[in-house]
Amino acid sequence: MGFYRKFSSSVDARQVFGEMTKRSLYQWNTLLKSLSRDKLWEDVLCHFSQMFRDEEKPDNFTLPVALKACAELREVKYGEMIHGFVQKDATFGSDLYVGSSLIDMYAKCGKMAEALRVFDELEKPDIVTWSSMVSGFEKNGFPSDALEFFRRMAMAPDVTPDRVTLITLVSACTKLSNSRTGRCVHGFVMRRGFEKDLSLLNSLLNCYAKSRAFKEAVNLFKMMAERDVISWSTVIACYVQNGAATVALRVFNEMMDNGTEPNVATILCVLQACAAAHDLEQGCKTHELAIRKGVETQVKVSTALVDMYMKCFSPEEAYAVFSRIPKKDVVCWVALISGFTSNGMAERSIEEFSKMMLENNTRPDAILMVKVLGSCSELGFLEQAECFHSYVIKFGFDSNQFIGASLVELYSRCGSLSHASKVFNEISLKDTVVWTSLITGYGIHGKGAKALETFDHMVKSSEVKPNEVTFLSILSACSHSGLIHDGLRIFELMVSDYRLVPNPEHYAVLVDLLGRVGELDTAIEITRRMPISPTPQILGTLLGACRIHQNGEMAETVAKKLFELESNHAGYYMLMSNMYGVKGEWENVEKLRNSVKNRGIKKGLAESLIEIRRKVHRFVADDNLHPEKEKIYRLLKQLGLHMKEDLEKSVYFESEGVSLCDSVYAEA
DNA sequence: TTAGGGTTAG
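What you are looking at is a predicted structure, and each value in this text was computed from that prediction instead of being measured.

A.B. asks: I tried to follow the overall build of chain A on my own but got confused; where do I start?
C.D. replies: Scanning chain A from terminus to terminus reveals 40 helices and zero strands. In chain A, which comprises 668 residues, the share counted as buried stands at 50%. Long-range pairs, those at least 24 residues apart, make up 61% of the contacts in chain A between residues at least 6 apart in sequence. As displayed, chain A offers around 33000 Å² of accessible surface, 53% of which is attributable to carbon and sulfur atoms.

Written out as structure tokens, the structure is:
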């Protein structure tokens, strides 16, 4: 047996090797293999160099191991040296093991031209060398070249793709979001007898999920004979990404009943589902699961928990998790800061941001800055906006388009359209988001004509195209300024010229536009004729319009439908109750309020509370409306309790910012 | 007696 034996670790191998006085080539190879098995790449190269010094000539077994180490360490210079050695010796020229290792080394070091040169010199490449090329293109960000190379391979004689090739290919399709090719590969997989290959099917599942082939993903999952934790997690994430968070949670429970043990990745996507479904109960259960598995303080898990608690309207629980994170990164700060803002606590966001800057061990990035500017814009203090603007310039973020757009939005929300348009004009490369921000700014200040002018300018003088959000902004601007004909024209433009499919929000704005000017019949007609079924948001808007124009009969019809769809949104009940109130139908008011109480509607109340807070903030932020904003703002700090105690009254005044603020002011 | 390519949930 001699030196050869299966070492349980490279430590044993090295020890035995060290004690030897004379080493054969085979013994060198065994040692190198053993080191590579333990991923001790530096040691591999170190011993490989030693081998040269001992004048032992490496053979076709040694070279792949050394090249693998170069690939893993991205040591292209060393790899090139080995390549030089290979070229001097004709015996290596036709060796496919050496060839594929060279290709892989160059590919991993990002040198695809060199990899291709090696490949082209091979007389008869086999499946592994072909696959190495496909994988190289895929890894270096050229997925379409990977597909092209695969096509070349399919034409070559004597090579048949195996499971590794197919997995690489599916990965390329995923990167291209190309579910069509994914489907072809799927067909091939089934025909060639790979239909039971779990990793391959999981890759396909992921490809469908990522390339918006929702139905295909679900169908594939349903017909899989075997599923592992990856299959389940992929499909759960797929449901979440397609807006079906409740289904995602159901699938998760099915997975647990099935006896599949969840892991960190599962926990992460389930937390996302809880956040999207605002399901605090399931969220807490998942939190317990994370604790039991000992992964709660992993920064990704904690971040997902912070996000979940924030989206479930529990900012203090979120903060508790956040404060336990041992190594905070910029992403978890983003979750905290944006979470406070969306809970109507923008001031807290700014405080936390200051803390982060003081701690001085996390560098803000562009995303964080966008969030902070967003928090600032919720508060609406011009001086603070200017301060953050100078910060943005100081740290060199001002060339970022997203930040540019946020600044435009910030200044317009602070009531300074002149600052907003100044920032806008200074942005050299204006993308759709930047244009949209300015249009939105004009819209929220009731400057519909300016918004239309900007929109026209965007369409005529720039190369960027308006998208769904731009249309939502411009439609909303028209609605707020009562520009009904322009609004209808724009809606038509969106559908016929830009071929954009209106989403429920667009229909809601359209209904709002018509509702505001009393065109209730037309609004109803539109909800009947639109290709989607009416959402609570659309019906809610319609109900709001009925209230403005005091059309009780229509309101009751709409409300009936609305309550069927959304039975626990307190705001809609309050809207209806308000209508009855105005007409003095107190019996109906009482009936509705009781039904709210009996249903134990809480989440809806929390949502309304946040909405109200936002509205008050915005109202207070507006310079023109209130010169004493600082004073009121201090009072608003104590708002939480006041609002909760007097919630119904607050909701009652929801759309009249002035009355609401006055009532808060008076109370305090 | 020893050697080469791969992926997937977040």
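After that view, the rundown keeps rolling.
A.B. asks: Before we go on, may I ask you to explain the UniProt feature "repeat: PPR" (unreviewed entry) in chain A in this structure?
C.D. replies: Summarizing the sequence annotation, UniProt attributes the feature "repeat: PPR" (unreviewed entry) to residues 24-58, 95-125, 126-156, 197-227, 228-262, 329-364 and 431-466 in the numbering used throughout. Between the first and last C-alpha atoms of residues 126-156 the distance is 10 Å; the span itself is 84% helix and 0% strand. End C-alpha atoms of residues 329-364 are separated by 10 Å, and the span's content is 75% helix alongside 0% strand.

A.B. asks: I would appreciate a short explanation of the packing of aromatic side chains in the present structure.
C.D. replies: Counted under the stated rule, the structure contains 20 aromatic pairs. Here W130 and F149 contribute two aromatic rings whose centre-to-centre distance is 5.4 Å and whose plane-to-plane angle is 55 degrees, an arrangement assigned as tilted. With W130 in helix α8 (residues 127-139) and F149 in helix α9 (residues 143-155), this pair connects stretches of sequence that are 19 residues apart. The residues W130 and F149 share a single accessibility class, namely buried. Judged by centre distance (5.9 Å) and plane angle (85 degrees), the rings of F353 and Y391 are edge-to-face. Here Y391 lies in helix α23 (residues 382-394) and F353 lies in helix α21 (residues 346-359), a separation of 38 residues in the sequence. Residues F353 and Y391 agree in their burial class; the two are buried. Ring-pair connections join several aromatic residues into one group, and the members of that group are F48, F52, Y78, F85 and F92.

A.B. asks: Looking at this structure, how should I read α23?
C.D. replies: Given 3.6 residues per helical turn, the α-helix brings residues three or four places apart onto the same face. Taking 1.5 Å of rise per residue, 13 residues should cover 18 Å, and α23 covers 18 Å from first to last C-alpha, within 8% of that figure. If you check which residues of α23 are buried, you get L382, Q384, A385, F388, H389, Y391 and V392. Where α23 terminates, the next one or two residues include G396, which has phi positive at roughly 70 degrees.

A.B. asks: How do you make sense of the protein's contact with DNA strand B when you look at a structure like this?
C.D. replies: Taken together, 42 residues surround DNA strand B, and among them Y26, S100, S131, K139 and N263 come closest. Of all DNA strand B atoms lying within 4 Å of any protein atom, the proportion belonging to sugar or phosphate reaches 42%. Between a phosphate oxygen of DNA strand B and a side-chain N or O atom of Q241, the distance comes to 3.1 Å. When contributions to the surface near DNA strand B are tallied by element, the ones reaching two or more residues are α2 (25-37), α6 (96-108), α8, α10 (163-175), α12 (198-210), α14 (229-241) and α16 (264-277).

A.B. asks: Can you walk me through the packing of helix α24 (residues 401-413) against helix α25 (residues 417-426) in this structure?
C.D. replies: Their axes nearest at 7 Å, the elements α24 and α25 cross at an angle of 165 degrees. For the element pair α24 / α25, the angle class is roughly antiparallel. Handedness of the α24/α25 crossing: left-handed. Across the interface between the two elements, G404, L407, V408, Y411 and S412 of α24 pack against L417, H419, A420, V423 and F424 of α25.

A.B. asks: What's the story with the confidence of the model for chain A in this structure? I'm lost.
C.D. replies: Close inspection of predicted coordinates is inappropriate for parts of the model with low pLDDT. Confidence along chain A averages 85 in pLDDT terms, with 88% of residues attaining 70 or more. Across residues 602-668, where pLDDT falls below 50, the model places 91 contacts with residues more than four positions away in sequence or in other chains.

A.B. asks: What's the story with the packing of helix α3 (residues 41-53) against helix α4 (residues 62-73) in this structure? I'm lost.
C.D. replies: Angle between the axes and distance between the axes are the two parameters that describe a pair of packed helices. Packing of α3 against α4 brings their axes to within 9 Å, and their N-to-C directions diverge by 135 degrees. When the axes of α3 and α4 are compared, the pair comes out oblique. Note on packing geometry: the crossing formed by α3 with α4 is left-handed. For the pair α3 and α4, contact is made by W41, E42, V44, L45, F48 and M51 and by T62, L63, V65, A66, K68, A69, C70, E72 and L73, respectively. Of the residues in the contact of α3 with α4, the class split is eleven nonpolar, one polar and three charged.

A.B. asks: Explain the environment of G99 here, please?
C.D. replies: Mapping G99 onto the fold places it in helix α6. Through-space distance from the C-alpha of G99 to that of P64 is 8.6 Å; in sequence the pair is 35 residues apart. Filtering out sequence-adjacent residues up to four positions away, G99 remains in contact with V118, L122 and T129.

A.B. asks: What should I look at first to understand the nonpolar core in this one?
C.D. replies: Side chains that are nonpolar tend, in soluble globular proteins, to be buried together. Among the nonpolar cores identified, the biggest contains 201 residues, and I82, F353 and L368 are the most heavily contacted of them. Contact partners of F353, with chain neighbours within four places excluded, come to I337, L368, M369, V372, F388 and Y391.

A.B. asks: How should the pattern of salt bridges be read in this particular structure?
C.D. replies: If the charged atoms of two oppositely charged side chains come close together, the side chains can form a pair. Summed over the entire model, instances satisfying the criterion amount to 24 salt bridges. Residues D197 and R163 are paired through a salt bridge, measuring 2.5 Å at the closest nitrogen-oxygen approach. Taken together, the residues span a long stretch of sequence, with D197 in the loop between α11 (179-191) and α12 and R163 in helix α10 at a distance of 34 residues. R489 is the salt-bridge partner of D486, the closest N and O atoms lying 3.4 Å from each other. Taken together, the residues D486 and R489, both in helix α29 (residues 484-496) and three residues apart, mark about one turn of the helix.

A.B. asks: Would you mind showing me how to read unusual backbone geometry here?
C.D. replies: What is expected of a backbone is that most residues other than glycine have negative phi and most peptide bonds are trans. Residue K39 is not a glycine yet carries a positive backbone phi of 60 degrees. Relative to the elements of secondary structure, K39 occurs in the loop between α2 and α3. Residue K39 is classed as exposed on the basis of its relative accessible area of 60%.

Parameters at a glance
- Residues numbered from 1 in each chain as written.
- Chains lettered and ligands numbered in written order.
- Predicted model: local features only at pLDDT ≥ 70, side-chain atom pairs only at ≥ 80, totals over all residues.
- Heavy atoms only, no water.
- Helix = DSSP H or I, 4+ residues; strand = E, 2+ residues; numbered from the N terminus.
- Buried < 20%, exposed > 50% of the residue type's maximum accessible area, 1.4 Å probe, protein only.
- Contact = heavy atoms within 4.5 Å.
- Areas by Shrake-Rupley, 256 points an atom, 1.4 Å probe, with all protein chains shown as cover.
- UniProt positions renumbered as here; feature names shortened; annotations may be inferred.
- Phe/Tyr/Trp six-rings, centres within 6.5 Å; stacked < 30°, edge-to-face > 60°.
- Expected span 1.5 Å × (residues − 1).
- Near = heavy atom within 4 Å.
- Polar contact = N/O pair within 3.5 Å; in protein donor to acceptor, adjacent residues only side chain to side chain.
- Axes fitted to C-alpha atoms, helices over the stretch in contact; angles between N-to-C directions.
- Parallel < 35°, antiparallel > 145°, perpendicular 65-115°, else oblique.
- Left-handed = near helix turned anticlockwise from the far one by under 90°.
- pLDDT = per-residue confidence, 0-100.
- Nonpolar A, V, L, I, M, F, W, Y, C, P; charged D, E, K, R; others polar.
- Core = buried A, V, L, I, M, F, W, Y, C linked by side-chain atoms within 4.5 Å.
- Salt bridge = Lys/Arg side-chain N within 4 Å of Asp/Glu carboxyl O.

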